[in-house]
Each structure stands twice: as C-alpha cells, then as structure tokens.
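Chain by chain, the residues:
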Amino acid sequence: MASILIWYFHPDTDSFNGSLLNRMKKDLLEAGHSIEIRRPEEDLSVFSLSKKEYKASIEGKYSIDIQREHQHIREADGIITLFPLWWGSFPAAGKGFLDRVLSFKFAYELEGEEPVPLMNEKPITFIYTTGTPEEEFRQSGLKKLTEDNWQQHILSFCGFQGLPFFHLGNVIDCSEQDREKKRSLASAHAVQFADDITRRANL
C-alpha cells in the first residue's frame, strides 16, 4: 500500500475543506494506505520565506522545520494537496509553505537560467474547491489558466509527476446532499490516486 502525504492549506479544519480532509483520511486508511497530514499553521514556525532563509537556501542550508518537511516528502510515495482557491491561488499560508518547502537544492536547481527538477517524478495531485460552479469555472477559461500555471510553474519546474487536478465547485451555496456527494467524489479521487501508486509499484 502507498504512503500518502497530505498538504492541507485551508486555515480552518472546521470548514468544507476540513470535511473533505476527514473523509479522505477515513477512506484512505480503510483502503490500507498510510497517511501523514501537514498543515502550515501547525507545522511551520513561520509562513513566509525571509531574506535570511532565502540566502541560506541558496547554499542548501535549511531550518529544522523545513528539514522535517523535506523528510516527509522523501518518505511519501505520493502527495495530495487540498485547498480552497482564494484570489486565484493558494491561501497565504499554503503559498508560504510552498515557498519555504520547495527549496532550492531540494526541489530544484538551476543550470544558468534553466531549471533542473529534483523531485524525480514523485506523484502529486491537487484537490481544490471554489465557490464558482464547475461549468462556469471551466467555460470562463479560468480552470485551464489556473491549472496550466500550477503545472508549468510548480509541478514541471520541480519535476513532480503531476496527475489530474480535481476541482469541486459551488461549495458555498450547495445543499448538504450535494456536499456529501462532493465529499464522496473527492475521497474516491484520493483513494484512486493512492491505489494507482500501489499498482504501479507492483508492476
């Protein structure tokens, strides 16, 4: 079975995203997978990349909390990133988490101006929510624009094996029945992600 690292970027677990996390955790464990959940608010000393830390990372030197996050990445067979889309991107703590954790000389290097990915095709998937309905988000072109940006500037840049993004829309105004359906769909995506990693490892 797969060892799955979950990055949870919503600042509150008492939220719809929190209910997705709880359902995902339950179903992944029942499917036999192991999980590790990381939350910026709980697991990092600060959320933003400071000038001092930036300069240290250029030399491959990292604080204890970042070394810990790097180890979680190394040990994971795959990563699930769960978050709401706010102002077209991650919540602030999630963006700060990525700034600090996807560090130079850990997640990527440079040859001149060319990036050298270091994540060695580690599987990753993004599960994200919006208040905008799925169809409206897709037809507006924002879905493709947003996901292409993540693919190019994060996943490909660092060398992750980016697997299909999973979007849940209209999560604010929908009924509880619809929310339960969305929880089931998101959790099924997470379990399928972990199952596929296990299957490929056994080929």
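The notes below deal with the structure included here.

1. Describing the overall build of the protein chain
Along its length, the protein chain carries eight helices and eight strands. The C-alpha atoms of the protein chain give 17 Å as radius of gyration, which agrees with the globular expectation for 203 residues (17 Å, within 12%). Seen through its principal axes, the protein chain has C-alpha atoms that stretch 50 × 40 × 30 Å. Relative to its 203 residues, the protein chain shows a buried fraction of 47%. Across the protein chain, every contact between residues at least 6 apart in sequence was considered, and the portion connecting residues at least 24 apart equals 79%. Here the protein chain displays about 10,600 Å² of accessible surface, and carbon together with sulfur accounts for 52% of that area. With 24 positive and 31 negative side-chain charges, the protein chain shows a spacing of 2 Å between the two charge centroids.

2. Concerning a negative patch on the surface
A contiguous patch of negative charge on the surface is contributed by Glu 109, Glu 111, Glu 113 and Glu 114. As for its placement among the helices and strands, Glu 113 is situated in the loop between β4 (108-111) and β5 (114-117). We classify Glu 113 as exposed; its relative accessible area is 72%.

3. Notes on helix α8 (residues 176-201)
Residues spaced three or four apart along an α-helix point in a common direction, a consequence of the helix completing one turn every 3.6 residues. For α8, spanning 26 residues, the distance from its first C-alpha to its last is 38 Å, which sits close to the expected 38 Å at 1.5 Å a residue. For α8, every residue scored as buried is listed here: Lys 182, Arg 183, Ala 186, Ser 187, His 189, Ala 190, Val 191, Phe 193, Ala 194, Ile 197 and Thr 198. The elements touched by buried residues of α8 are β1 (3-8), α1 (16-30), β3 (78-84), β6 (123-129), α6 (134-139) and β8 (166-168).

4. Some words on the packing of α1 against α8
Between α1 and α8, the shortest axis-to-axis distance is 9 Å and the interhelical angle comes to 45°. Considering the angle they form, α1 stands oblique to α8. Here α1 runs over α8; the crossing is right-handed. Between α1 and α8, the contacting residues are Phe 16, Ser 19, Leu 20, Arg 23, Met 24, Asp 27 and Leu 28 on the first element and Arg 179, Glu 180, Lys 182, Arg 183, Ser 184, Ala 186, Ser 187, Ala 190, Val 191 and Ala 194 on the second. Among the residues forming the contact of α1 with α8, the class breakdown is eight nonpolar, three polar and six charged.

5. Focus: helix α7 (residues 142-158)
Between its first and last C-alpha, α7 extends 23 Å over 17 residues, near the 24 Å set by a 1.5 Å rise per residue. Considering bend angle alone, the principal kink of α7 is centred on Gln 151 and spans about 35°. Among the residues of α7, those classed as buried are Thr 146, Glu 147, Trp 150, Ile 154, Leu 155 and Cys 158. Looking at the packing, one finds that the buried side of α7 touches β3, α5 (92-101), β5, β6, α6 and β7 (161-162). Immediately downstream of α7, the backbone of Gly 159 shows phi near 85°, a positive value.

6. A closer look at the environment of Val 171
Looking at the element boundaries, Val 171 is found in the loop between β8 and α8. Given a relative accessible area of 10%, Val 171 falls into the buried group. Sequence spacing of Val 171 and Thr 129 is 42 residues, and the spatial spacing of their C-alpha atoms is 6.9 Å.

7. Topic: the packing of aromatic side chains
A full pass over the atoms with the stated rule returns 18 aromatic pairs. Seen in terms of ring centroids, Tyr 128 and Phe 137 are 6.3 Å apart; in terms of plane orientation they differ by 65°. Their pairing is edge-to-face. Assigned by exposure class, Tyr 128 and Phe 137 land together as buried. An angle of 85° between the planes, with centres 5.0 Å apart, marks the rings of Tyr 128 and Trp 150 as edge-to-face. One end of the pair, Tyr 128, is in strand β6; the other, Trp 150, is in helix α7, with 22 residues separating them in the sequence. Taken individually, Tyr 128 and Trp 150 each receive the classification buried, so the pair is uniform in this respect. By the ring-pair criterion, three or more aromatic residues cluster together here, those being Trp 7, Phe 9, Phe 83, Phe 90, Phe 97, Phe 126, Tyr 128, Phe 137, Trp 150 and Phe 165.

Here is what the cut-offs are and how they apply
- Residues numbered from 1 in each chain as written.
- Predicted model: local features only at pLDDT ≥ 70, side-chain atom pairs only at ≥ 80, totals over all residues.
- Heavy atoms only, no water.
- Helix = DSSP H or I, 4+ residues; strand = E, 2+ residues; numbered from the N terminus.
- Rg over C-alpha atoms; globule rule 2.2 N^0.38 Å.
- Buried < 20%, exposed > 50% of the residue type's maximum accessible area, 1.4 Å probe, protein only.
- Contact = heavy atoms within 4.5 Å.
- Areas by Shrake-Rupley, 256 points an atom, 1.4 Å probe, with all protein chains shown as cover.
- Lys, Arg positive; Asp, Glu negative; His and termini not counted.
- Charge placed at Lys NZ, Arg CZ, Asp CG, Glu CD.
- Patch = residues over 30% accessible without salt bridge, like charges linked within 9 Å, V, L, I, M, F, W, Y side chains within 5 Å.
- Salt bridge = Lys/Arg side-chain N within 4 Å of Asp/Glu carboxyl O.
- Expected span 1.5 Å × (residues − 1).
- Axes fitted to C-alpha atoms, helices over the stretch in contact; angles between N-to-C directions.
- Parallel < 35°, antiparallel > 145°, perpendicular 65-115°, else oblique.
- Left-handed = near helix turned anticlockwise from the far one by under 90°.
- Nonpolar A, V, L, I, M, F, W, Y, C, P; charged D, E, K, R; others polar.
- Bend = angle between axes of the 7 residues up to and from the residue.
- Phe/Tyr/Trp six-rings, centres within 6.5 Å; stacked < 30°, edge-to-face > 60°.

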